[in-house]
Amino acid sequence: MASNRKITSLVADWFGLHARALPWRRTVRGRRDPYVSLVSEIMLQQTQVSRVLERFDGFIDRFPTAQALADAPEEAVLGAWSGLGYYRRARSLQAAARVICEDHGGRVPRDLDDLIALPGVGRYTAGAICSIVFGQPVPIVDGNVVRVLARLDGIDGPPDHARSWARADELAQQAKTPALFNEGLMELGATVCTPRNPRCGDCPLKTHCKAHAACTQEQIPSPKPKSKRQVLHASSMVAIDGRGRVLVEQRPADGLWGGLWQVPTVERASKAVGLRELRDLFPCRSIGRVSAFRFDTTHREVRFVVYKAIGVRAGGGRQWMTRRGLSQLGVSNAQRRVLDAVGIELDSCVRSGT
DNA sequence: AAGGCGGGGCA
DNA sequence: TGCCCAGCCTT
């Protein structure tokens, strides 16, 4: 049985050789920018690196400091977050920036409890900042770490978070450089000890891994119990005025796509709203069905029907918006599909440096 | 403890 | 099609 110290040094040394060059890993005089790291950690919550890469530099260019983020209008933040999903993260991140500016002098706090007190920051994210940015010997556990540690110790069954935290804590405390060990453990899970087809031949822990010894790495951990997706019927009405503007409304702050903008849309759980009721809700001169499509998320199957209407008036919280204006706001990818169905393509706000 | 919350890529 | 991803918050 290898010592914890041996395990941690193997991982840290491996990371030193194989770390990917990711934008949030840039350093100035050997230090990472804590604010930049915080943004990256929030973006990376339940979101793959490849997806974050598409948005990260643009977001940092636009909001380069906690103060800049705190001072920005909320719709600009949601606009920069468009397409990333889990939009509450964007609001929470800005709220965190405001706390940082008001309570911590504009500096990301170093204290674990201060970090956890920030909105949108839980034990994982706080631990990541503490250890990776500030070098403190605190553990972090994400989906990668759960998997790597379960395989290393040959723990069968569904993901056991309590055990993973205990094990990660013991390792982080004994690591020579907790920053390199923690980030290396995640990197290992992301690039070598992957859910499927792990590349055990390239793993620095292969001679210490119980799953590898027993050839059970593919079965560990066992899949999480699945929850069934709810079906939602959405009827979206696209209306365009004489100047080419689009009629839009803002969704409620909470729930699915909270706070994002959309063309007038009615949602029903059981069946799609009928055309007659649709006309009652959206009075117009004429309306016609354009197309339909399915939009799947992890938790929902949304069946969209797209209508195009003529002779609609604004009001009831709905307003005419230019396409350029709309592209600056938060718009879900589902609504981009709706607009695409009538030939409207929003400017991407993914571009960086503009 | 469980459920809600996006979106895309991959087997 | 099902599963997973640098999780967090609410109930």
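Residues numbered from 1 in each chain as written. Chains lettered and ligands numbered in written order. Predicted model: local features only at pLDDT ≥ 70, side-chain atom pairs only at ≥ 80, totals over all residues. Heavy atoms only, no water.

Topic: the sheet that holds strand S2 (residues 246-250)
- The strand order S3-S2-S7 describes an open sheet built from three strands, whose pairing is antiparallel. Each edge of the open sheet is held by one strand with a lone partner, namely strand S3 (261-262) and strand S7 (319-321).
- Two strands pair when backbone bridges link them, and S2 and S7 are joined in this way by three bridges, in the antiparallel orientation. Note on S7: the bridge partner recorded for Val 248 is Gln 319. (Pairing = 2+ DSSP bridges. Helix = DSSP H or I, 4+ residues; strand = E, 2+ residues; numbered from the N terminus.)

Looking at the protein's contact with DNA strand C
- Around DNA strand C, a shell composed of 28 residues is seen, among which Gly 120, Gly 122, Thr 125, Asp 142 and Arg 147 lie nearest.
- Between Trp 24 and DNA strand C, the recorded distance is 3.1 Å, taken from a side-chain N or O atom to a base nitrogen.
- Contributing elements (two or more residues each) for the surface near DNA strand C: helix H9 (123-133), helix H10 (143-153) and helix H12 (178-191).
- For the surface near DNA strand C, the class distribution of residues is eight nonpolar, nine polar and eleven charged. (Near = heavy atom within 4 Å. Polar contact = N/O pair within 3.5 Å; in protein donor to acceptor, adjacent residues only side chain to side chain. Nonpolar A, V, L, I, M, F, W, Y, C, P; charged D, E, K, R; others polar.)

A few points about unusual backbone geometry
- Omega for the peptide link from Ile 220 to Pro 221 comes to -10°, which places this bond in the cis form.
- Structurally, Pro 221 can be placed in the loop between helix H13 (210-214) and strand S1 (230-239).
- Backbone geometry at Arg 29 places phi at a positive 50°, although glycine is not the residue there.
- Relative to the assigned elements, Arg 29 resides in the loop between helix H1 (4-18) and helix H2 (34-43).
- A relative accessible area of 79% means that Arg 29 is categorised as exposed.
- Backbone geometry places Trp 257, a non-glycine residue, at a positive phi of 50°.
- Tracing the backbone through its elements, the reader meets Trp 257 in the loop between S2 and S3. (Buried < 20%, exposed > 50% of the residue type's maximum accessible area, 1.4 Å probe, protein only.)

Considerations on the protein's contact with DNA strand B
- DNA strand B sits among 20 residues. The nearest are Tyr 87, Trp 257, Thr 298, His 299 and Asn 333.
- Sugar plus phosphate: this is where 61% of the atoms of DNA strand B within 4 Å of the protein reside.
- A distance of 3.0 Å separates a base nitrogen of DNA strand B from a polar side-chain atom of Arg 88.
- Take Trp 257: an N or O atom from its main chain is 2.4 Å from a phosphate oxygen of DNA strand B.

A word on the packing of H2 against H9
- Packing of H2 against H9 leaves a shortest axis separation of 10 Å and a crossing angle of 145°. Classified by chirality, the crossing of H9 by H2 is right-handed. Contact residues: H2 offers Pro 34, Ser 37, Leu 38, Glu 41 and Ile 42, while H9 offers Tyr 124, Thr 125, Ala 128, Ile 129, Ile 132 and Val 133.
- Looking at side-chain class alone, the contact of H2 with H9 contains eight nonpolar, two polar and one charged residues. (Axes fitted to C-alpha atoms, helices over the stretch in contact; angles between N-to-C directions. Left-handed = near helix turned anticlockwise from the far one by under 90°. Contact = heavy atoms within 4.5 Å.)

Describing H2
- By the criterion of burial, H2 is predominantly enclosed, with nine of the ten residues buried.
- Restricting attention to buried positions, one finds in H2 the residues Tyr 35, Val 36, Ser 37, Leu 38, Val 39, Ser 40, Glu 41, Ile 42 and Met 43.
- Packed against the buried residues of H2 are helix H3 (49-53), helix H4 (56-62), helix H5 (66-71), helix H6 (74-81), helix H7 (88-103) and H9.

Description of the packing of aromatic side chains
- Under the definition given, this model contains six aromatic pairs.
- Pairing Phe 293 with Phe 304 gives two aromatic rings, centres 5.0 Å apart and planes at 15°, and the pair type is stacked. Remark: Phe 304 occurs in strand S6 (residues 300-310) and Phe 293 occurs in strand S5 (residues 286-296); sequence separation between them is eleven residues.
- Counting every residue linked through ring pairs, the aromatic cluster contains Trp 257, Phe 293, Phe 295 and Phe 304. (Phe/Tyr/Trp six-rings, centres within 6.5 Å; stacked < 30°, edge-to-face > 60°.)

Thoughts on the environment of Leu 185
- Looking at the element boundaries, Leu 185 is found in helix H12.
- By relative accessible area, Leu 185 is classed as buried at 2%.
- Residues Leu 185 and Val 11 lie 174 residues apart in sequence; the distance between their C-alpha atoms is 6.4 Å.
- Apart from the residues within four sequence positions on either side, Leu 185 is in contact with Val 11, Val 145, Val 148 and Leu 149.

Comments concerning the confidence of the model for chain A
- Across chain A, the average pLDDT comes to 94, with 98% of residues at or above 70.
- Every residue in residues 349-354 is under pLDDT 50, and counting partners more than four places away or in other chains gives eleven contacts. (pLDDT = per-residue confidence, 0-100.)

What about the sheet that holds strand S4 (residues 265-268)?
- Here four strands make up an open sheet; going across it, the order is S4-S1-S6-S5 and the pairing mixed. In this open sheet, the two edge strands, each paired with only one partner strand, are S4 and S5. Strand-to-strand, the axes of this sheet are offset by a mean angle of 20°, without reference to chain direction.
- Judged from the ten bridges that link them, S1 and S6 form a sheet pairing that is parallel. Across the sheet, residue Ala 239 finds its bridge partner in S6, namely Ala 309.
- Across the sheet, helix H16 (residues 333-341) touches S1, S4, S5 and S6, and the angle it forms with S5 is around 140°.

Here we look at the pattern of salt bridges
- Tallied over the entire structure, the rule returns 20 salt bridges.
- Glu 187 is the partner of Arg 20 in a salt bridge, and the nearest nitrogen-oxygen pair spans 2.9 Å. Highlighted residues: Arg 20 in the loop between H1 and H2 and Glu 187 in helix H12, separated in sequence by 167 residues.
- For Arg 20, a relative accessible area of 30% gives the class partly exposed.
- We classify Glu 187 as buried; its relative accessible area is 2%. (Salt bridge = Lys/Arg side-chain N within 4 Å of Asp/Glu carboxyl O.)

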